[in-house]
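Observations on chain architecture
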Amino acid sequence: MMPHEGQHAHHKTASLSALRAIQRYKGSKKPIVLGGQSQNKGDTFRFTELAGYPESRISNMAPVFEFDRSYSFGEDNKHSYMIVADWVKSSHKTQIGPPKRWRYEPGHAPG
């Protein structure tokens, strides 16, 4: 993910840490950085750099690829790549809040 203003701080930090590690790499073959941003159809998000962090600047010659994760496939088009987003959300419950059934109510066991 590219580090941009709309992200939570820990996402920006992780992205910037990876970019800095690549800059410090002393090997003869530097890694290629692929950055991504999920967005809805019709969004016009464009990235050049995170202000104040020149290590995040990308080349204006960098190609841009788009991938429609809502594309349906499989038996009767029942599947899509949104399953990946659903899995990520389910594994990061702290970012979407607990389901109502997790709410503590005095006198009732949780769950």
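In this report, the structure presented in the accompanying data block is examined. (Residues numbered from 1 in each chain as written. Predicted model: local features only at pLDDT ≥ 70, side-chain atom pairs only at ≥ 80, totals over all residues. Heavy atoms only, no water.)

Once that is clear, we can look at helix H1 (residues 9-24). With 16 residues, H1 extends 22 Å between its outermost C-alpha atoms, agreeing within 8% with the 22 Å of an ideal straight helix rising 1.5 Å per residue. By the burial criterion, the buried members of H1 are Lys 12, Ser 15, Leu 16 and Leu 19. All buried residues of H1 project into a common sector of 95 degrees when viewed along the axis, lining one side. (Helix = DSSP H or I, 4+ residues; strand = E, 2+ residues; numbered from the N terminus. Expected span 1.5 Å × (residues − 1). Buried < 20%, exposed > 50% of the residue type's maximum accessible area, 1.4 Å probe, protein only. Arc of directions from axis to C-beta.)

Okay, the environment of Pro 31 next. Positionally, Pro 31 belongs in the loop between H1 and strand S1 (72-73). In this view, Pro 31 contacts Ile 22 and Tyr 25; residues no more than four positions away in its chain are not counted. (Contact = heavy atoms within 4.5 Å.)

With that settled, the discussion passes to a nonpolar patch on the surface. Taken together, Ile 83, Val 84, Trp 87 and Val 88 make up a surface patch of nonpolar side chains, about 430 Å² in accessible area. When you line up the elements, Ile 83 lands in helix H2 (residues 82-91). Its relative accessible area of 59% is what places Ile 83 among the exposed residues. (Patch = residues over 30% accessible without salt bridge, like charges linked within 9 Å, V, L, I, M, F, W, Y side chains within 5 Å. Areas by Shrake-Rupley, 256 points an atom, 1.4 Å probe, with all protein chains shown as cover. Salt bridge = Lys/Arg side-chain N within 4 Å of Asp/Glu carboxyl O.)

A few words now on the side chain of Lys 12. Relative to the helices and strands, Lys 12 resides in helix H1. When neighbours within four sequence positions are excluded, Lys 12 is seen to be in contact with Pro 3, His 4, Glu 5, Gln 7 and Leu 50.

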